[in-house]
Amino acid sequence: MRATIGRLGIAVAIAALVAGCGSDKTPELMNLRKTGQGPDEFSILPTKSLQMPENLAALPVPTPGGTNITDPTPDADAIAALGGKPQQITGKLPAADSALLARADRFGADPAIRQTLAAEDLTWRQHHNGRLLERLMRNSVYASAYEPMSLDQRAELERWRSAGVPTPGAPPSSVAQKALPRSN
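Read on for a plain summary of the structure. Predicted, not measured: the structure shown is a model, and the values here were computed from it. (Residues numbered from 1 in each chain as written. Predicted model: local features only at pLDDT ≥ 70, side-chain atom pairs only at ≥ 80, totals over all residues. Heavy atoms only, no water.)

Thoughts on the pattern of salt bridges
Next, step 1: Inspection of every chain in the model, using the stated rule, returns 3 salt bridges.
Next, step 2: The partner of Arg 159 in a salt bridge is Glu 156, and the shortest N-O contact between them spans 2.6 Å. Of this pair, Arg 159 and Glu 156 both sit in helix α7 (residues 153–162), separated by 3 residues, roughly a single helical turn. (Salt bridge = Lys/Arg side-chain N within 4 Å of Asp/Glu carboxyl O. Helix = DSSP H or I, 4+ residues; strand = E, 2+ residues; numbered from the N terminus.)

Concerning the packing of aromatic side chains
Next, step 1: As enumerated under the stated definition, the model contains 1 aromatic pair in all.
Next, step 2: Against the face of Trp 160 rests Arg 159, its NZ or CZ located 4.9 Å from the ring centre. (Phe/Tyr/Trp six-rings, centres within 6.5 Å; stacked < 30°, edge-to-face > 60°. Lys NZ or Arg CZ within 6 Å of the ring centre and 35° of its normal.)

Some points on the environment of Leu 45
Next, step 1: Examined against the element boundaries, Leu 45 turns out to sit in the loop between α1 (2–21) and α2 (74–81).
Next, step 2: Between the alpha carbons of Leu 45 and Asp 71 there is a distance of 9.0 Å; along the sequence they are 26 residues apart.
Next, step 3: For Leu 45, the contacting residues outside a window of four places in its chain are Pro 72 and Pro 74. (Contact = heavy atoms within 4.5 Å.)

Next up, the structure:
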């Protein structure tokens, strides 16, 4: 009797494992744990403070569905904080960048590139979703999944240096660092 119950328990456990492996859900490589169903703190933008305008006649005409003076403008605020001119945000391509766009678009552009890349990435993540125990223990496998696509920074830096390209923003090579005098 005990042997039958033991075999039945093992069969149920194997069936549960096999059923869990064959799901069609999107692979989660990072496996970040969310502890509750609360709000997403990053989706909440505070409104700007209310201020009394100097001239009430200068207020814009209300537009249903339009913007409000107190609406958050994170892009414009970031540009202003970095010393830029937020009034130049129009959503249109500046005339000064037309040559850059023409050069980048010289071989044509695929209008469905985002959908194509999303489908290819989903396929990649499904094939590199981690081993069974990594998934059961909810270990993050993001770095190992995308490791074949990562750039070897040192090798690329040495390739450019050996080609004679100055790389002032990069640290000195390990040979040069070892040659530096050490201070105590």
